Amino acid sequence: QVQLVESGGGLVQAGGSLRLSCAASGRTFSSYTMGWFRQAPGKEREFVAAIEWSGGSTYYGDSVKGRFTVSRDNAKNTVYLQMNSLKPEDTAVYYCAARLGGISSLRVYYDYWGQGTQVTVSS
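Throughout this document, residue positions are counted from 1 along each chain, in the order its sequence is written. Thresholds applied to this predicted model are a pLDDT of at least 70 for local features of residues and 80 or more for the giving and counting of side-chain atom pairs; totals over whole chains, interfaces and linings are not thresholded and use all residues. Note that the side-chain values use all heavy atoms of the structure and ignore hydrogens as well as water.

Caption draft 1: Structural context of the overall build of the protein. Helix and strand labels come from DSSP, where a helix needs a run of H or I of at least four residues and a strand needs a run of E of at least two; each type is numbered from the N terminus. The number of helices and strands found in the protein is zero helices and 11 strands. Ordered by position in the sequence, the α and β elements of the protein form the string β-β-β-β-β-β-β-β-β-β-β. Two things to know: the radius of gyration comes from C-alpha atoms, and the globule rule equals 2.2 Å times the number of residues to the power 0.38. Against the compact-globule benchmark of 14 Å for 123 residues, the protein has a radius of gyration of 13 Å, which places it among compact chains. Counting every position in the protein, which comprises 123 residues, the buried fraction comes to 42%. Note on contacts: a residue pair qualifies if any of its non-hydrogen atoms lie within 4.5 Å across the two residues. Of all intrachain contacts in the protein linking residues separated by at least 6 positions in sequence, the fraction that spans at least 24 positions is 58%. As displayed, the protein has an accessible area near 6300 Å², and 46% of this comes from carbon and sulfur atoms. Two residue types count as positive, namely Lys and Arg, and two as negative, namely Asp and Glu; His and chain ends fall outside the count. Taken as the charge location is NZ of Lys, CZ of Arg, CG of Asp or CD of Glu. Each charge class in the protein can be summarised by its mean position, and for the 12 positive and 9 negative side chains these summaries are 3 Å apart. Whether a residue is buried, partly exposed or exposed follows from its accessible area with a 1.4 Å probe, protein chains only, as a fraction of its type maximum: under 20%, in between, or over 50%, in that order. To be clear on the numbers: accessible area is Shrake-Rupley with a 1.4 Å probe, and residue cover counts the displayed protein chains and nothing else.

Caption draft 2: View of the packing of aromatic side chains. Each Phe, Tyr or Trp ring, with Trp reduced to its six-membered ring, pairs with another whose centre is within 6.5 Å; inter-plane angles below 30 degrees give stacked pairs, above 60 give edge-to-face pairs, and intermediate values give tilted ones. By the definition in use, this model includes six aromatic pairs. Ring centres 5.2 Å apart and planes at 80° place the aromatic pair Phe37 and Tyr110 in the edge-to-face group. Taken together, the residues span a long stretch of sequence, with Phe37 in strand β4 (residues 32-39) and Tyr110 in the loop between β9 (92-100) and β10 (112-113) at a distance of 73 residues. Each member of the pair, Phe37 together with Tyr110, is buried. Put simply, the rings of Phe37, Phe47, Tyr59, Tyr110 and Trp113 pair up and form one aromatic cluster. Remark: a charge is flagged as sitting over a ring if the NZ atom of Lys or the CZ atom of Arg is within 6 Å of the ring centre and within 35 degrees of the ring normal. Over the ring of Phe29 we find Arg72, and its NZ or CZ is 4.6 Å from the ring centre.

Caption draft 3: Looking closely at the sheet that holds strand β8 (residues 78-83). The strand order across the open sheet formed by four strands is β1-β3-β8-β7, and the pairing between neighbours is antiparallel. Each edge of the open sheet carries a strand with a single partner, namely β1 (4-7) and β7 (68-73). The average undirected angle you get between the axes of adjacent strands in this sheet is 15°. Two strands qualify as a pair provided that DSSP identifies no fewer than 2 bridges between them. Whenever a helix is involved, its axis is fitted only over the stretch in contact; in every case the axis is a line through C-alpha atoms, and angles between N-to-C directions fall within 0 to 180 degrees.

Caption draft 4: Quick look at the nonpolar core. Residues Met34, Trp36, Leu81, Met83 and Tyr94 are the most contacted members of the largest nonpolar core, which totals 28 residues. Of all elements in the fold, only β3 (18-24), β4, β5 (46-51), β7, β8, β9 and β11 (117-122) reach the threshold of two or more residues within this core. Judged by nonpolar contacts, the second largest core, of five residues, contains Phe37, Phe47, Ala50 and Tyr110. Here the nonpolar core consists of buried residues drawn from Ala, Val, Leu, Ile, Met, Phe, Trp, Tyr and Cys, with membership extended through side-chain atoms lying within 4.5 Å.

Caption draft 5: Region of the structure containing the environment of Val79. Within the secondary structure, Val79 sits in strand β8. Taking the C-alpha atoms as reference points, Val79 and Leu20, separated by 59 residues in sequence, lie 8.3 Å from one another. For Val79, the residues in contact, after removing those within four places along its chain, are Leu20, Ser21, Cys22, Phe29, Met34, Trp36, Ile51, Val70, Ser71 and Arg72.

Okay, structure coming up:
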């Protein structure tokens, strides 16, 4: 079992930055691929980024490439999402998720989810 708790969301102006954190419980955190997803009101949950267990491989959704960076610190059982050049369309609840296995952009392959953290970008 893995429990995930996101933090770091908030209100930011367009062009600004935020860093989200996701703290995981469990001694096997380093075995999991970690993903970030987001869901805006009235929209489906969308893939944002993922990082495989060692941190050596990452993958991004097209809408955030070049602006967001995913990283992890296995010693701290934490995964991060650095978000730069934020746009109003980035406004959403951001979720972290965990899965055993390789990187995937498909939410159905993730087994554990956090409760989410709200990010609001004002224009």
